[in-house]
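# Commentary on secondary and tertiary structure
Spelled out from the first residue to the last, the chains are:
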Amino acid sequence: MLPLTPARAGEPLSVLCLGAHADDIEIGAGGTILGWIAAGVKLDVHWCVLSTTGTRREEARASAEDFLKDASRGEIELARFTDTQFPEESREIKAWLGDLRTRVQPDLILTHRGDDAHQDHRELNRLVWTVFRNHLILEYEIPKWDGDLGRPNFYVPLSPGTMDRKIDLLLSHFGSQRSKDWFDAETFRGLARLRGMECRAAGHYAEAFYVRKAVLGVACGA
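This write-up is about the structure you can find in this document. (Residues numbered from 1 in each chain as written. Predicted model: local features only at pLDDT ≥ 70, side-chain atom pairs only at ≥ 80, totals over all residues. Heavy atoms only, no water.)

The first and last C-alpha atoms of helix α5 (residues 160–173) sit 20 Å apart over 14 residues, in line with the 20 Å expected at 1.5 Å per residue. Every buried residue belonging to α5 is among Thr-162, Met-163, Lys-166, Ile-167, Leu-169, Leu-170 and His-173, and all of these are buried. The buried residues of α5 occupy an angular sector of 165° when projected down its axis, which confines them to one face. Looking at the packing, one finds that the buried side of α5 touches α1 (24–38), α2 (54–67), β6 (154–158), α6 (185–198) and β7 (205–210). (Helix = DSSP H or I, 4+ residues; strand = E, 2+ residues; numbered from the N terminus. Expected span 1.5 Å × (residues − 1). Buried < 20%, exposed > 50% of the residue type's maximum accessible area, 1.4 Å probe, protein only. Arc of directions from axis to C-beta. Contact = heavy atoms within 4.5 Å.)

Written out as structure tokens, the structure is:
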């Protein structure tokens, strides 16, 4: 299958990462970010987590710094919206995203998928689509006990080394989540192996996304 490559080694790429909670971006798209950096893409990342307090806030910043340490540029924003209450705080979150749009004009956006079972994830997705209406948006998936995984239509293959790095960073930075029975290396590697099989990834692993709208550019002669 012909791959669509947003940027190659030495080329710039501006990415806005949006996650409802600490660890969301890393789980859903951490391998993609690491893979682009490893490939030599000049990555400019604006990394935003909307609900962070206490230990989770510290984890979110330390993890983002580690994931982005080799990026060309990385900026981290941590907000304090209330966990599980995003639908009730919709007006305030939309205003926050509107302010963000005045400061950031990314080439593409990484955020939650629209039919995620978690209400915060769904609400953030809905608001992103209302605020950023002229952007390529890749919606990532988060495995959870609700069993809400679907049929993605966009894949980013990962090398075994990138997959290992993603898992190492997740397990080292999010100690507060280790008591959850789904938060372990087997879950992350198992889902990535399944997605890698679906797209026939050379390295056997991949992260999967949902793309609602995209434009395929065609070079036209004079």
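Bringing the pattern of salt bridges into the picture now. Between side chains of opposite charge, pairing is possible as soon as their charged atoms come close. Across all of its chains, the model carries 16 salt bridges by this definition. Residues Glu-123 and Arg-126 are paired through a salt bridge, measuring 2.7 Å at the closest nitrogen-oxygen approach. Here Glu-123 and its partner Arg-126 are both found in helix α4 (residues 119–131), three residues apart, which amounts to about one turn of the helix. The exposure class assigned to Glu-123 is buried, which follows from its relative accessible area of 11%. Across the pair Lys-166 and Glu-207 runs a salt bridge, and its minimum N-O distance is 2.6 Å. Residue Lys-166 is located in helix α5, and its partner Glu-207 is located in strand β7; the two are separated by 41 residues in the primary sequence. Of the two residues examined, Lys-166 and Glu-207, each falls in the buried class. Taken together, the shared-partner salt bridges connect Arg-113, Asp-115, Asp-116, Lys-144 and Asp-148 into one network. (Salt bridge = Lys/Arg side-chain N within 4 Å of Asp/Glu carboxyl O.)

Our next topic: the sheet that holds strand β1 (residues 12–21). Within a beta sheet, neighbouring strands are joined by backbone hydrogen bonds and run either parallel or antiparallel to one another. Spatial strand order, β3-β2-β1-β4-β5-β7-β6: seven strands in an open sheet with mixed pairing. Looking at strand neighbours, the two that pair on one side only are β3 (73–78) and β6, the edges of this open sheet. For this sheet, the mean angle separating the axes of adjacent strands, direction not counted, is 25°. Sheet contacts for α2: β1, β2 (42–51) and β3; angle to β3, the most-contacted strand, approximately 170°. (Pairing = 2+ DSSP bridges. Axes fitted to C-alpha atoms, helices over the stretch in contact; angles between N-to-C directions.)

What follows concerns a nonpolar patch on the surface. On the surface, Leu-2, Leu-4, Leu-216 and Val-218 cluster together to form a nonpolar patch covering roughly 490 Å² of accessible area. Inspection of the secondary structure puts Leu-2 in the segment before β1. (Patch = residues over 30% accessible without salt bridge, like charges linked within 9 Å, V, L, I, M, F, W, Y side chains within 5 Å. Areas by Shrake-Rupley, 256 points an atom, 1.4 Å probe, with all protein chains shown as cover.)

Let us now look at α1. Taking 1.5 Å as the rise per residue, α1 with 15 residues should run 21 Å; its terminal C-alpha atoms sit 21 Å apart, in good agreement. Most pronounced at Gly-30, the bend in α1 amounts to some 65°. Most of α1 sits inside the fold, with 13 of its 15 residues counted as buried. A positive phi of about 90° marks Gly-40, the residue just after α1. (Bend = angle between axes of the 7 residues up to and from the residue.)

Now for unusual backbone geometry. Apart from glycine, the bulk of residues carry a negative phi angle, and the bulk of peptide bonds sit in the trans form. For Thr-84, which is not a glycine, the phi torsion comes out positive at approximately 75°. Within the secondary structure, Thr-84 is located in the loop between β3 and α3 (90–103). Backbone geometry at Arg-200 places phi at a positive 55°, although glycine is not the residue there. Tracing the backbone shows Arg-200 in the loop between α6 and β7.

It is worth spelling out the pairing of β1 at this point. Taken across its 10 residues, β1 has nine buried, putting it largely inside the fold. Strand direction decides the pairing type here: β1 and β2, joined by nine bridges, are parallel. Among the inter-strand pairings, Leu-13 is bridged to a residue of β2, identified as Leu-43. Following the backbone out of β1, through α1 and into the adjacent parallel β2, one traces a crossover that is right-handed. Where β1 meets strand β4 (residues 108–112), three bridges bridge the pair, whose relative direction is parallel. By the bridge assignment, Val-15 is partnered in β4 with Leu-108. (Right-handed = clockwise from strand over helix to strand, strands pointing away.)

All we've got here are geometric facts, nothing functional implied.
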